[in-house]
Amino acid sequence: MAIIKLSATERRRLSAFFTCLVLAFAAWIITVLSNPKPYVVKEILEFRNTPQKRAFHSLQPDTVSVTINGTGWDMLFAKMNPGTKSIPIDLHTLENKSYVVLSSQKDQVNSKRESDQQIIAFNPDTLYFDFSNRKVKRIPINVIKSLKFQQQFFQSGPVTLNPAYVIINGPATVIDKINAWNTDTLKLDSVGENVLTNVNLQPVSEGNLSLYPKSIQVTIPVDEFTEKVLEIPVKVLNTRNNEEVKIFPQKVKVTFITSLSRYAETDEDFFEATADLDLWRKNGYKVLPVKISKIPDFCRIVKIEPRNIDFIIKK
């Protein structure tokens with residue numbers, strides 16, 4: 001294989017040639033990117049000054065394509081940072097019209113944008129809206145929570161909300177489908193005492209809906225739990241008038257954990273243990289499994305002894 005040997009002078013000349021070539025290419029790139037170059041990006045419409053007397057529903061997505069009067073550099077940076085920006089659009093004209101022309105608000109929009117981010121066109125340029133009767137509805141609030149407790153601590157009662165309802169306002173066709181409203185997720189770690197905090201409601205996803213209030217106060221009772229054992233009598237279900245049923249044993253030992261503050265008052269009256277005779281009659285069970293059909297909210301079952309009971313039927 002032939003190897004071309006270059007002198008020191010020739011190597012310097014070749015190095016200088018490639019250096020000039022790279023510099024020329026870089027200069028060309030900089031010149032091209034510095035020239036004005038309109039480009040298209042996606043931006044989200046942010047509706048403002050919505051009509052108070054008319055409920056509306058946009059007939060197109062809330063994202064439009066906008067042509068920006070920028071440079072190649074601006075286009076390059078927009079591609080590198082694809083985060084979607086928002087455009088404030090005034091909807092006050094919907095009080096007596098069913099459409100909004102975006103280009104008519106171009107000067108107002110551009111006055112709040114950087115000089116290198118000026119919009120020269122919208123696509124689509126006209127937004128059309130569907131109108132219906134406005135309705136107000138009071139619906140319950142659903143708390144979304146993710147709680148991690150300290151050892152032996154648990155929620156000891158129901159969650160209290162203030163207020164417990166939210167007022168939503170919007171088109172009747174949309175409002176009628178909404179039966180509850182969720183909060184943002186309440187995340188807490190190492191909980192060892194009662195929780196009292198404010199939680200935001202999830203924001204509306206449509207510009208033609210409004211809700212009040214935007215946040216609520218959430219109270220969650222928390223207590224230390226300890227173990228307790230009770231003997232609970234077993235109640236036999238689905239017996240017939242001509243049947244005499246005897247069970248062995250007549251009581252089961254239930255081990256559970258309960259709130260420390262309610263330990264003393266928690267007795268067998270708070271629980272109900274049942275055995276269903278239909279499991280023998282319909283499925284041929286030879287022993288009946290015991291089910292705890294009633295248990296307080298502040299208790300959690302650990303185990304039941306025995307899990308199954310024997311029975312004798314006399315007719």
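Residues numbered from 1 in each chain as written. Predicted model: local features only at pLDDT ≥ 70, side-chain atom pairs only at ≥ 80, totals over all residues. Heavy atoms only, no water.

Focus: the overall build of the chain
No. 1: When helices and strands are counted, the chain shows five helices and 25 strands.
No. 2: In the chain, which comprises 315 residues, the share counted as buried stands at 30%.
No. 3: Accessible surface, the chain: about 20100 Å² in total, of which carbon and sulfur atoms supply 52%. (Helix = DSSP H or I, 4+ residues; strand = E, 2+ residues; numbered from the N terminus. Buried < 20%, exposed > 50% of the residue type's maximum accessible area, 1.4 Å probe, protein only. Areas by Shrake-Rupley, 256 points an atom, 1.4 Å probe, with all protein chains shown as cover.)

Focus: the pattern of salt bridges
No. 1: Counted by the stated rule, this structure contains eight salt bridges.
No. 2: Between Lys135 and Asp176 there is a salt bridge whose closest N-O contact spans 2.4 Å. In this pair, Lys135 sits in strand 8 (residues 134–142) while Asp176 sits in the loop between helix 4 (172–175) and strand 13 (181–182), placing the two residues 41 residues apart along the sequence.
No. 3: On the accessibility criterion, Lys135 (31% relative accessible area) is partly exposed.
No. 4: The partly exposed category is assigned to Asp176, whose relative accessible area is 42%.
No. 5: Here Asp278 makes a salt bridge to Arg281, at a shortest N to O gap of 2.8 Å. (Salt bridge = Lys/Arg side-chain N within 4 Å of Asp/Glu carboxyl O.)

Regarding the side chain of Lys228
No. 1: The residue Lys228 is located in strand 18 (residues 222–237) in this model.
No. 2: Here Lys228 sits buried without a salt bridge, and the closest side chain of opposite charge, Asp267, lies 7.5 Å off (N-O distance).
No. 3: There is a polar contact of 2.7 Å between the side chain of Lys228 and the backbone oxygen of Thr266.
No. 4: Setting aside residues up to four positions removed in sequence, Lys228 forms contacts with Val254, Thr255, Phe256, Thr258, Tyr263, Ala264 and Thr266. (Lys, Arg positive; Asp, Glu negative; His and termini not counted. Polar contact = N/O pair within 3.5 Å; in protein donor to acceptor, adjacent residues only side chain to side chain. Contact = heavy atoms within 4.5 Å.)

Describing unusual backbone geometry
No. 1: Cis geometry marks the peptide bond from Asn162 to Pro163; its omega dihedral reads -5°.
No. 2: For Pro163, the position within the fold is in the loop between strand 11 (160–162) and strand 12 (165–171).
No. 3: In this structure, the amide linkage connecting Glu305 to the following residue, Pro306, adopts the cis form with an omega of -10°.
No. 4: Phi is positive for Ser190, close to 55°, though the residue is something other than glycine.

Points about the environment of Ile257
No. 1: Topologically, Ile257 is positioned in strand 20 (residues 251–259).
No. 2: Beyond its immediate chain neighbours, meaning those up to four positions away, Ile257 contacts Phe154, Phe225, Thr226, Glu227, Phe298, Cys299, Arg300 and Val302.

Side note on a nonpolar patch on the surface
No. 1: Where nonpolar side chains cluster on the molecular surface, the patch consists of Leu59, Tyr99 and Tyr128 and spans about 320 Å² of accessible area.
No. 2: In this structure, Tyr128 sits in strand 7 (residues 126–132).
No. 3: Classification of Tyr128 by relative accessible area gives partly exposed; the value is 45%. (Patch = residues over 30% accessible without salt bridge, like charges linked within 9 Å, V, L, I, M, F, W, Y side chains within 5 Å.)

Points about the nonpolar core
No. 1: Counting residues in hydrophobic clusters, the biggest one holds 23 residues, and the most contacted among them are Val166, Ile168, Ile178, Trp181, Leu201, Val218 and Ile220.
No. 2: Examining the composition of this core, we find that three residues originate from one element, strand 17 (residues 215–220), more than from any other.
No. 3: Val218 has contacts with Val143, Val159, Thr160, Leu161, Leu186, Val195, Leu196, Thr197 and Val199, leaving out every residue within four places of it along the chain.
No. 4: Counting 19 residues, the second-largest nonpolar core is a separate cluster that includes Phe271, Leu288, Val290 and Cys299. (Core = buried A, V, L, I, M, F, W, Y, C linked by side-chain atoms within 4.5 Å.)

Quick notes on the packing of aromatic side chains
No. 1: This model, assessed by the stated rule, comprises six aromatic pairs.
No. 2: Their ring planes at 70° and their centres at 6.1 Å tell us that Phe270 and Phe298 sit as a pair that is edge-to-face. Note that Phe270 is positioned in the loop between strand 20 and strand 21 (272–276) and Phe298 in the loop between strand 23 (291–294) and strand 24 (299–305), a separation of 28 residues in sequence.
No. 3: Plain terms: the ring middles of Trp280 and Phe311 are 6.1 Å apart, the flat faces sit at 70° to each other, and that makes the pair edge-to-face. Remark: Phe311 occurs in strand 25 (residues 308–314) and Trp280 occurs in helix 5 (residues 278–283); sequence separation between them is 31 residues.
No. 4: Given a relative accessible area of 30%, Trp280 falls into the partly exposed group.
No. 5: Aromatic ring contacts, followed pair by pair, group Phe149, Phe154 and Phe225 into a single cluster.
No. 6: When the ring centre of Tyr165 is taken as origin, the NZ or CZ atom of Arg138, which lies over that ring, is 3.8 Å away.
No. 7: Above the face of the Tyr263 ring, Lys228 is positioned so that its terminal group lies 4.6 Å from the ring centre. (Phe/Tyr/Trp six-rings, centres within 6.5 Å; stacked < 30°, edge-to-face > 60°. Lys NZ or Arg CZ within 6 Å of the ring centre and 35° of its normal.)

Structural notes on the sheet that holds strand 19 (residues 244–248)
No. 1: Pairing within the open sheet is antiparallel, and its three strands lie in the order 19-25-22. Edge positions in the sheet fall to strand 19 and strand 22 (288–289), since each has one partner strand and no second.
No. 2: The pairing of strand 19 with strand 25 spans five bridges and is classified as antiparallel. Residue pairing for strand 25: Val245 is matched across the bridge by Ile313. (Pairing = 2+ DSSP bridges.)

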